[in-house]
Amino acid sequence: MLYRLRVLRHDPTAALGFILVVVLAYMVVAPLVAVLSDAFRLQYGDQAHAGQQPGEWTGYYLWRVFRSQVSDLLFWEPLLNTLVISLGTVVFALVVGGGMAWMVTRTNVPGRTWLAGALVVPYMLPSWTFSLAWLTLFKNDRAGGQAGVLQAQGIATPDWLAYGPLPIVITLGLHYYPFVFLLVGNALRRIDAQLEDSARILGAPRRVVIRRIVAPLMLPALSSAVLLVVGRVLGTFGTPYVLGLPADYRVLSTGLYQSIRDRSTGVASVLTAVIVLIGVLIVLTDARLLREHRRFVTVGGKGAMDRLSDLRGWRWPAFALGGVVFVASVLVPILTLLLSSLTRTPMDLSTFTLSYWFAESLPGAVGFPHGVFRGAELWTAAWNSLRIVGIASLICAVAGLLIGYVVVRGSAPRVAAFLRQVSFLPYLIPGIAFAAASLSLFAVARGPVPALYGTTFLLILVMAVTHLPYSSRSGIAAMTQLGREPEEAAQIAGASWWQRMRRIVFPIQKGALVTGIVLPFISGLKELSIVIMLTTTGTELLTTLSIGLVDYGYTQLANAVVLVIALVSFTMTYLTQRLTKSSLASGLGG
Amino acid sequence: MPTIVLSGIAKRYGGGDHAVKNLDLVVPDGAFMCLLGPSGCGKTTTLRMIAGLEQPTTGSITVGDRVLDSVEKGLYVPPEKRGMGLVFQSYALWPHLSVRANVEFGLRMRKVPAPERRSRAEAALEMVHVSDAMDRYPSQLSGGQQQRVALARMLAVDPAVLLLDEPLSNLDARLRLEMRAELKRIHEESGATIVFVTHDQLEALTMATHVAVMNQGELQQLAPPMEMYARPANRFVAEFVGSPAMALVDVGPAPAGLGRSLLAHSRERHGAGGPAAFGIRPEALRLGTPPPGAWSEPATVEAVLPAGASWTVRLRVLDTELFAVTHSPVEAAPGDTVTCWTDQLHLFGADGLRIQDRDTAEARA
């Protein structure tokens, strides 16, 4: 016993493991417990409706969400809408992404390399960029603020075109088709052409080869892509908020947001639990399907990729089709936003003005009475974004490496298993639901922990935790690859734990550390769903600033801010890919 | 220079099987001790326990008069304070440091001033003949050079105890031969106590002053290499040491064939009773006219396999297959009948242990 203690005293790994377990339990598990308990305990203010005392166990919220006369409005309709939108987005993304993937990997379409890069760009833009561009084009006079371009030309746009499911599906589809494009493209690239050749030699016609050989081999990639898109759509907030709410078209994420804004904590907790449940089911289904399909993992041979379908006369039309997808998903939205931010009457070049960017004062805009580059708002928000996302990414990367260190070095298998699984847990949970869960834990003071709502600290924590799955995975991978021997060699050479960390482990993992910071940073900069419920006036980020401007109806200003975000995130993604030679596809976790 | 004493050492992982069972081992001062055994026999675990990288479940380890581990007394010295040198099987060179910085690291940790550090690192690299690679990085070196740098990194701090974990297993045959001579020289020059882990008996026999054979976490025999070869303490050691392996012939309850012939030979000389099994080394099985007192039987030649300096002959003796290795040309062809004989029989009791020699050639020697 004394001996064990002596050994432990000299080996901080055990202590570090213990600290990480406690922190993760508190940051990841506790919010989920808190939100569940909120869903079943009566909240203050609901005594009259439920006939119970606050804090008592209750099924009131379950009843209210699932069975009461408002449950259609609270839950069933948003659920149905979410399903419709998921389905629509999946179909859209499959058709566009799958078609483009086939064209780029398996045909002799001209400019394949360019298309392969260009068609991924939409994913580098914040997802609701498209919805703002859509509004700029198709908005009608149903909601306040400036009318859309068509409306301004005297063409009345019907509601179904301006708001609701159709535009949401199209804009989300334009953002998410790169998922399908990348996953399916990779799978197509890996299929060995010899497998197809063998079938053809045995007398199978082309159609049959596709149906009996290629399609089954593609199934894992397709199912993964579908589930990934559904999972993302489930948690997405910006687009349904911008395009759905003006027409009272609610989905689960915007419904959750409204319940929290209305301070109906109990209902929000039930909704959070439902979203978490669906998210977990999706990822588990994906894992299960992948496991089942593992038996058909194909080993790419030499024959892979050497055979392309000859499109003959259709080569250039096919290229044009790819070009159209690029124009529609990148150029049109960006140019729309840019032009609208430069004109008083949207897109009417005779009203060209730089005032939305630079004017010292903008008459009429009470909430934001100057160009975006003037005044403090943009700069404060940008600084907040950089600071908060930067610190969160740093924490994330270091925590990821430390988790990897304890998992690889530690002598307690149960600690390692706990760290591995719990750090991956946030991956299963749509960001907006996780933010809501954190809110129910941290909004009020609990024990020695003060109420954190509205603090930068809470934003940093939640952002770090939601990005932890990626960095802990890469941290574990990096540490496993390194093994324990380099550190043991230093130990034998007489280095203390700090010296080993400082001189050996972290320097060797410099590369892993940098990617561990940069990837969460890029994704955090465009993050809206997670932060929308946690920011307050003091902690405005670029993304929430732009949504705030949308709320005010300042189309040009909102567009200008989104453009800034899009530019920053695109540039950073592009540079990172160039510098680290990493590909977006590997970061998708598909 | 220190003597390493392991007493009552046992190691269990997570409540499972023992990796090492109740090991008592003394590595004499200045010895070159080889821990030899098949993979999973506990030899690397033993080495790592000496280094302090693993902790025994029971027992104690002392080096000289310093207690490094004592589970019973609750004493523990962490690896960084043991002042030993260890070369890993994978070398574990630090990829982000140059060869020079790798070698200087241990001296830096010991707060040796820069000029001395420099000269000692250079001397260590000189000793293993890689001075010209001083400013390169590990990834730019060949496997052999990396191995030498790992050795230099250990030698630079001039430790009294050197631990080597299969350091030669990743090298090609030629380099391995060269490094064996090198290690032997380093041992003689430094006078350090060396513990060397290997599963390659040739390595053990060529370099070591002492060989400890382990199997399933237990020490089988501790002896100087040639002694181990000449007088294996039990059936495991007999089969494990020597190549090709010693043939073991079980007598069984109803002796027949080769077993009966060997038993008859033994009883003829020593009276009733006799061992449970006989061992015959291929090198000790000869062809031709037997000298008086030797065991002999007619045999059918099944195959002759020349290998340059030696010939291996596969024989069938009383329906049992035996191999003979000889260093003179073999005239016989497959199908021929020859006489085979030996005067070096190893005897093992029913418990698997060696029965002490009474009259064999080795006993006379």
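Along each chain, numbering runs from 1 in the same order as the chain's sequence is written. Ligands are numbered from 1 and chains lettered from A, in the order in which they are written. Confidence filtering applies because this is a predicted model: local features only for residues at pLDDT of at least 70, side-chain atom pairs given and counted only at 80 or more, and all residues used for totals across whole chains, interfaces and linings.

**Focus: the overall build of chain A**
Step number 1: Of regular secondary structure, chain A possesses 28 helices and 0 strands.
Step number 2: The C-alpha radius of gyration computed for chain A amounts to 26 Å, which stays within 12% of the reference 25 Å derived for 590 residues, consistent with globular compactness.
Step number 3: In terms of its C-alpha atoms, chain A occupies a principal-axis envelope of roughly 85 × 75 × 50 Å.
Step number 4: For chain A, with 590 residues in total, the buried portion stands at 46%. Strands are runs of DSSP state E lasting at least 2 residues, helices are runs of H or I lasting at least 4, and numbering of each runs from the N terminus. Our radius of gyration looks at C-alpha atoms and nothing else; its globule reference is 2.2 Å times the residue count to the power 0.38. Residue burial is a threshold on neighbouring C-beta atoms within 10 Å of the residue's own C-beta, all placed from the backbone, with 20 or more meaning buried, 12 or fewer meaning exposed, and counts in between meaning partly exposed.

**Here we look at the sheet that holds strand β2 (residues 18–27) of chain B**
Residues and elements named next belong to chain B.
Step number 1: Spatial ordering of the open sheet is given by β2-β1-β4-β5-β6, a layout of 5 strands whose pairing is antiparallel. Where the open sheet ends on each side, the last strands, each with one partner, are β2 and β6 (75–76).
Step number 2: The pairing criterion is simple: DSSP has to find at least two bridges between the two strands. Bridge analysis of strand β5 (residues 66–70) against β6 gives 2 bridges, and the strand direction is antiparallel. What sits directly across from Asp69, in β6, is Tyr76.

**Quick word on the interface of chain A and chain B**
Step number 1: Note on contacts: each residue gets a C-beta atom placed from the backbone, and two residues are in contact if those atoms are within 7 Å. The interface is formed by 21 residues belonging to chain A together with 24 residues belonging to chain B.
Step number 2: The element contributing the most residues to the side of chain A that touches chain B is helix α23 (residues 485–492) of chain A, with 7 residues.
Step number 3: Amino acid classes used here: Ala, Val, Leu, Ile, Met, Phe, Trp, Tyr, Cys and Pro are nonpolar; Asp, Glu, Lys and Arg are charged; the rest, including Gly, are polar. Its residues assigned to classes, the side of chain A that touches chain B comprises 13 nonpolar, 5 polar and 3 charged.

**Some details on the packing of helix α3 (residues 114–127) of chain B against helix α4 (residues 143–156) of chain B**
All names here are of chain B.
Step number 1: Remark: α3 packs on α4, axes separated minimally by 8 Å, with the N-to-C direction vectors making an angle of 135 degrees. Relative to α4, the element α3 lies oblique. Remark: the crossing between α3 and α4 carries right-handed chirality. Here α3 contributes Arg120, Ala121, Ala124, Leu125 and Met127 to the contact with α4, which in turn contributes Ala152, Leu155 and Ala156.
Step number 2: Counted by class, the contact of α3 with α4 contains 7 nonpolar, no polar and 1 charged residues. What counts as an axis is a line fitted to C-alpha atoms, over the stretch in contact for a helix, and the angles between N-to-C directions run from 0 to 180 degrees. Any angle from 65 to 115 degrees is called roughly perpendicular, while one under 35 is roughly parallel, one over 145 is roughly antiparallel, and all others are oblique. What makes a crossing left-handed is the near helix being turned counterclockwise from the far one by less than a right angle; a clockwise turn instead makes it right-handed.

**Description of the pairing of strand β16 (residues 310–317) of chain B**
Residue and element names in this part refer to chain B.
Step number 1: Summarising the sheet, strand β15 (residues 295–307) and β16 pair through 7 bridges and their orientation is antiparallel. Bridged to Thr300 within β16 is Arg316.
Step number 2: Between β15 and β16, which follow one another and run antiparallel, lie 2 residues, and Gly308 among them has a positive phi close to 75 degrees.
Step number 3: Taken together, the 7 bridges between β16 and strand β17 (residues 320–326) define a ladder with antiparallel strand orientation. When the bridges of β17 are listed, Trp311 appears paired with Thr326.
Step number 4: Between β16 and β17, which pair antiparallel in sequence order, lie 2 residues; one of them, Leu318, sits at a positive phi of approximately 45 degrees.

**Things to note about the sheet that holds strand β3 (residues 32–36) of chain B**
Residue and element names in this part refer to chain B.
Step number 1: In space, the 6 strands of this open sheet follow the order β7-β8-β9-β3-β10-β11, with mixed pairing throughout. Each edge of the open sheet is held by one strand with a lone partner, namely β7 (85–87) and β11 (218–223). Between one strand axis and the next, the sheet turns through 15 degrees on average, direction left out of account.

**Describing the domain arrangement of chain B**
Step number 1: Domain boundaries shown here were taken from an automatic or database domain assignment. The domain boundaries assigned to chain B delineate domain 1 (4–231) and domain 2 (247–364).
Step number 2: Computed from C-alpha atoms alone, the centre-to-centre distance between domain 1 of chain B and domain 2 of chain B is 39 Å.

**With respect to α23 of chain A**
Step number 1: Most of α23 of chain A is tucked away, with 7 of its 8 residues classed as buried.
Step number 2: Buried residues of α23 of chain A: Pro486, Glu487, Glu488, Ala489, Ala490, Gln491 and Ile492 of chain A, and no others.
Step number 3: On its buried face, α23 of chain A is in contact with α22 (456–482) and α24 (497–508) of chain A together with α1 (43–51), β7 and α2 (99–109) of chain B.
Step number 4: Gly494 of chain A occupies a position one or two residues after α23 of chain A and carries a positive phi of about 105 degrees.

**A look at the domain arrangement of chain A**
Residue and element names in this part refer to chain A.
Step number 1: In terms of domain boundaries, chain A breaks down into domain 1 (10–34 + 354–590) and domain 2 (76–306 + 320–350).
Step number 2: The gap between the C-alpha centroids of domain 1 and domain 2 is 25 Å.
Step number 3: Each partner contributes residues to the interface: domain 1 has 40 residues there, and domain 2 has 45 residues.
Step number 4: The set of elements that each furnish at least two residues to the side of domain 1 that touches domain 2 consists of α18 (355–358), α21 (431–442), α26 (542–552), α27 (555–580) and α28 (584–587).
Step number 5: In terms of residues, the side of domain 1 that touches domain 2 owes the most to one element, α27, which gives 12 residues.
Step number 6: When grouped by side-chain class, the residues that make up the side of domain 1 that touches domain 2 number 28 nonpolar, 11 polar and 1 charged.

**Description of the confidence of the model for chain A**
Residues and elements named next belong to chain A.
Step number 1: On a scale of 0 to 100, pLDDT captures the predictor's confidence in every residue. Mean pLDDT over chain A: 82, with 94% of residues reaching 70 or higher.
Step number 2: Mean pLDDT values over the elements of chain A span from 43, in α28, up to 92, in α23.
Step number 3: This model gives residues 300–304 a pLDDT under 50, and the stretch forms 12 contacts once residues within four places in sequence are excluded.

**Thoughts on the nonpolar core**
Step number 1: For this analysis, nonpolar core means a set of buried Ala, Val, Leu, Ile, Met, Phe, Trp, Tyr and Cys residues linked through C-beta atoms within 7 Å. In this structure, Ala436 and Val561 of chain A together with Met33 of chain B are the most contacted members of the largest nonpolar core, which totals 269 residues.
Step number 2: Per-element tally for this core: the top contributor is helix α19 (residues 377–409) of chain A, with 15 residues.

**Brief notes about the confidence of the model for chain B**
Residues and elements named next belong to chain B.
Step number 1: On average, residues of chain B score 89 in pLDDT, and 97% of them are at 70 or above.
Step number 2: Every residue in residues 359–365 is under pLDDT 50, and counting partners more than four places away or in other chains gives 12 contacts.
Step number 3: We note a pTM of 0.80 for the whole complex and an ipTM of 0.83 for its interfaces.

**Thoughts on the environment of Ile201 of chain A**
Step number 1: Topologically, Ile201 of chain A is positioned in helix α12 (residues 193–201).
Step number 2: Between the C-alpha atom of Ile201 of chain A and that of Val70 of chain A, which follows or precedes it by 131 residues, the distance is 63 Å.

**So, the pairing of β11 of chain B**
Step number 1: Note: strand β10 (residues 210–215) of chain B against β11 of chain B, 5 bridges, orientation antiparallel. Counterpart to Met214 of chain B in the pairing with β11 of chain B is Leu219 of chain B.

**Remarks on unusual backbone geometry**
Residues and elements named next belong to chain B.
Step number 1: The omega torsion of the bond from Ser243 to Pro244 falls at -5 degrees, within 30 degrees of zero and hence cis.
Step number 2: Tracing the backbone shows Pro244 in the loop between α8 (235–240) and β12 (247–250).
Step number 3: Within the chain, Leu318 stands out as a residue other than glycine whose phi angle is a positive 45 degrees.
Step number 4: Residue Leu318 is classed as partly exposed on the basis of its C-beta count, with 16 C-beta atoms lying within 10 Å.
Step number 5: Of note in this structure, Asp319 is not a glycine but carries a positive phi near 65 degrees.
Step number 6: With respect to the helices and strands, Asp319 occurs in the loop between β16 and β17.

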